[in-house]
Amino acid sequence: MIFDLLQKKDGQSNWHQLQNIVLAVSTVVLGVIVGLSSLLLSLFLEVIEHFFLHYEETAKFPAPVGAAPIDRLLSVAVGGVIAAVIWWFLRTKTTPTISIKRALAGERMPFWQTVIHVVTQIFYVGTGGSVGRELAPREAGALLAQKWEDLCDRYHVPKLAAEDKRLLITAAAGAGFAGIYIAPITGMFFSVEVLFKKLTLRTVGVSLTMSIIAMFVGSLVKGFKPYYILTDVKFSLVSFVFVLILAPLSGLAGSWFRKFFQWAEKHQTKDNHILWQLPVAAILTGIVAYFFPEIMGNGRSLAQLAINSHQLTMLVILVVGALLKVVVTVLTIRAGASGGTLTPSIAVGGALGAVLSLILAIWIPGMSIGQGAILGAGTLLAASQQAPFMAMFMLIEICHLESSALLPMGFGILIATAVSKKILSD
């Protein structure tokens, strides 16, 4: 089918109208396709967790605490060996995969290599590897956007402007996130704030529409449930006092966390050494998981542990857990694993917020440990990612927070982002 609709009297105005139609149709189609890809990745993660760890991950039971300690160790170790072989093959024997940023610069994402790369990320997280799972659906979304553009070119659909093509790729990446975490506003802000870096009615409209469609498709199996469970969702004035103390600490910790991740990605193993370095990192993770299962996966279980903490005896556990999460995640990425850093940041920030809350609760009546953990997660995430809007709405969406969280969360994120930006710029 060939579209021959450009020979009209209005010339330029008709061309822009056709571009808008193509952009609108592409937004809807990609929303459905990317949502389906996120749904399939979620189901694949469940299969891997069930096969390797014999459990089903939920917000109430985010860690495989029921699995035998030796099974946790072996799961991560075997997963690390398998993932190392796959990534070694992809990076040394085939056309290497490329990042979303390079795709935005005009480079092509190799289809089958990227598909295998995305599936391997989810596989490794499912076995207990310490990386975020959110990078995989974003890369899948960007790949599908490029393939959709190729399909349109093949059937001579009126070409979009270069900026609109980039917008579709960023929107599809954000929609991939929205489809797996059921968080459309977060997906939109990831697109326009982190990737596209341009906030206009057009960019917001395309990104938000695609993320909403992907969210609905992605929710067909699990529905609309919170990713983290917080029982006391109504934030009080005590939260404002708390963030004045917490936010500068989150800004400091977040900036160093960002530096650690950047160092790991810059020096990431991509040659034959991945065949031994990633298994070593996996075994190290497995040894920690033998005693502390909350260290496994993308950090969801550590964050939920922080939210649920109510006794001072948890102080040492949370501090050690946060430090170990940083170490094993950085080493895992350095050793060659690909994965996200958003949810590990939430885990570390949640632990920081809970620790500070437990200490301050001795002197401040009515201090909520769970709310402190959520505020710590949001402020450290914003500081480490340098994306305040995305961080704030991510915590609000995935925790199903009330509007009372907006002011303390926004206030804390403002301070933490400013502190981290100052440190990172020095």
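Residues numbered from 1 in each chain as written. Predicted model: local features only at pLDDT ≥ 70, side-chain atom pairs only at ≥ 80, totals over all residues. Heavy atoms only, no water.

**What about the overall build of the protein?**
Counting secondary structure elements, the protein contains 16 helices and zero strands. Radius of gyration (C-alpha) of the protein: 22 Å, near the 22 Å computed for a compact globule of 426 residues. In terms of principal-axis extent, the alpha carbons of the protein reach across some 75 × 50 × 45 Å. By residue count, 57% of the 426 residues in the protein fall in the buried class. Sequence-distant contacts in the protein: of pairs separated by 6 or more residues, those separated by 24 or more amount to 80%. For the protein, the exposed area adds up to about 18100 Å²; of that, 69% sits on carbon and sulfur atoms. The positive charge centre, built from 31 side chains, and the negative charge centre, built from 23, are 5 Å apart in the protein. (Helix = DSSP H or I, 4+ residues; strand = E, 2+ residues; numbered from the N terminus. Rg over C-alpha atoms; globule rule 2.2 N^0.38 Å. Buried < 20%, exposed > 50% of the residue type's maximum accessible area, 1.4 Å probe, protein only. Contact = heavy atoms within 4.5 Å. Areas by Shrake-Rupley, 256 points an atom, 1.4 Å probe, with all protein chains shown as cover. Lys, Arg positive; Asp, Glu negative; His and termini not counted. Charge placed at Lys NZ, Arg CZ, Asp CG, Glu CD.)

**Comments concerning the pattern of salt bridges**
Proximity of charged atoms lets side chains of opposite charge pair with each other. Following the criterion strictly, the structure yields six salt bridges and no others. Arginine 108 serves as the salt-bridge partner of aspartate 150, at 2.7 Å between the closest nitrogen and oxygen. Here aspartate 150 is found in helix 5 (residues 135–154), whereas its partner arginine 108 is found in the loop between helix 3 (100–104) and helix 4 (111–127), with 42 residues between them in sequence. Under the relative-accessibility criterion, aspartate 150 is labelled partly exposed at 31%. We note a salt bridge from glutamate 163 to lysine 198, for which the minimum N-O separation is 3.1 Å. A residue pair is termed long-range when its members are at least 10 positions apart, and glutamate 163 in helix 6 (residues 162–181) and lysine 198 in the loop between helix 7 (184–195) and helix 8 (201–222) qualify at 35 residues. Through salt bridges with shared partners, one network takes in Glu57, Arg133 and Arg300. (Salt bridge = Lys/Arg side-chain N within 4 Å of Asp/Glu carboxyl O.)

**Digging into helix 15 (residues 388–399)**
The end-to-end C-alpha separation of helix 15 is 17 Å, in line with the 16 Å expected for twelve residues at 1.5 Å each. Burial analysis of helix 15 places ten of its twelve residues in the buried class, the great majority of the element. Along helix 15, the residues classified as buried are Met390, Ala391, Met392, Phe393, Met394, Leu395, Ile396, Glu397, Ile398 and Cys399. On its buried face, helix 15 is in contact with helix 6, helix 7, helix 13 (342–360), helix 14 (369–385) and helix 16 (406–425). Positive backbone phi, at 55°, marks histidine 400, one or two positions downstream of helix 15. (Expected span 1.5 Å × (residues − 1).)

**Some points on the packing of helix 12 (residues 314–334) against helix 13**
At a minimum axis distance of 9 Å, the contact between helix 12 and helix 13 shows a crossing angle of 160°. In terms of axis orientation, helix 12 runs roughly antiparallel to helix 13. Between helix 12 and helix 13 lies a crossing of left-handed hand. Residues Met314, Leu315, Leu318, Val319, Ala322, Lys325, Val326 and Thr329 of helix 12 pack against Pro344, Val348, Ala351, Ala354, Val355, Leu358 and Ile359 of helix 13. Taken together, the residues of the contact of helix 12 with helix 13 break down into 13 nonpolar, one polar and one charged. (Axes fitted to C-alpha atoms, helices over the stretch in contact; angles between N-to-C directions. Parallel < 35°, antiparallel > 145°, perpendicular 65-115°, else oblique. Left-handed = near helix turned anticlockwise from the far one by under 90°. Nonpolar A, V, L, I, M, F, W, Y, C, P; charged D, E, K, R; others polar.)

**Describing the packing of helix 6 against helix 8**
At their nearest, the axes of helix 6 and helix 8 sit 8 Å apart, and the two run at 35° to each other. As for the relative orientation of helix 6 and helix 8, their crossing is right-handed in sense. Contact residues: Asp164, Leu167, Leu168, Ala171, Ala172, Gly174, Ala175, Ala178 and Gly179 in helix 6; Arg202, Thr203, Val206, Ser207, Met210, Ser211, Ala214, Met215 and Gly218 in helix 8. Of the residues contributing to the contact of helix 6 with helix 8, the split by class is ten nonpolar, six polar and two charged.

**Focus: a nonpolar patch on the surface**
Together, Ile70, Leu74, Val78, Ile82, Ile283, Ile287, Tyr290 and Phe291 make up a nonpolar patch on the protein surface, roughly 710 Å² of accessible area in all. Broken down by secondary-structure element, the contributors of at least two residues to the nonpolar patch are helix 2 (69–92) and helix 10 (274–291). With respect to the helices and strands, valine 78 occurs in helix 2. Classification of valine 78 by relative accessible area gives partly exposed; the value is 38%. (Patch = residues over 30% accessible without salt bridge, like charges linked within 9 Å, V, L, I, M, F, W, Y side chains within 5 Å.)

**Observations regarding the confidence of the model for the protein**
For the protein, per-residue confidence averages 91 on the pLDDT scale, and residues scoring 70 or more make up 96% of the total. The least confident element of the protein is helix 1 (residues 12–53), whose mean pLDDT is 90; the most confident is helix 4, at 97. Across residues 1–9 the pLDDT falls below 50, and counting only partners more than four positions away or on other chains, this stretch makes 13 contacts in the model. (pLDDT = per-residue confidence, 0-100.)

**Focus on the packing of aromatic side chains**
Using the criterion set out here, one finds 14 aromatic pairs in the structure. Measuring from centroid to centroid gives 5.4 Å for phenylalanine 189 and phenylalanine 389, while their planes differ by 15°, and the two rings are stacked. Residue phenylalanine 189 is found in helix 7, and its partner phenylalanine 389 is found in helix 15; the two are separated by 200 residues along the sequence. For the pair phenylalanine 240 and phenylalanine 411, a centre-to-centre distance of 6.4 Å together with 40° between the ring planes defines the contact as tilted. Here phenylalanine 411 lies in helix 16 and phenylalanine 240 lies in helix 9 (residues 238–266), a separation of 171 residues in the sequence. Given the relative accessible area of 27%, phenylalanine 240 is considered partly exposed. Among the residues examined, phenylalanine 411 registers a relative accessible area of 33% and is labelled partly exposed. Taken together, the ring pairs connect Phe177, Tyr181, Tyr227 and Tyr228 into an aromatic cluster. (Phe/Tyr/Trp six-rings, centres within 6.5 Å; stacked < 30°, edge-to-face > 60°.)

**Some points on the environment of methionine 392**
Looking at where methionine 392 falls in the secondary structure, it is placed in helix 15. Residue classification places methionine 392 among the buried residues on the basis of a relative accessible area of 12%. C-alpha of methionine 392 to C-alpha of glycine 410: the two residues are 18 residues apart in sequence and 6.6 Å apart in space. Sequence-distant contacts of methionine 392, that is, excluding residues within four places in its chain, are made with Leu406, Met409, Gly410 and Ile413.

**A closer look at the nonpolar core**
Counting 122 residues, the largest nonpolar core has Tyr124, Leu278, Ile346, Ile374, Ile398 and Leu401 as the members making the most contacts within it. When residues no more than four places from it in sequence are discounted, the contact partners of leucine 278 are Gly80, Ala83, Ala84, Trp87, Tyr124, Thr332, Ala335 and Ala337. (Core = buried A, V, L, I, M, F, W, Y, C linked by side-chain atoms within 4.5 Å.)

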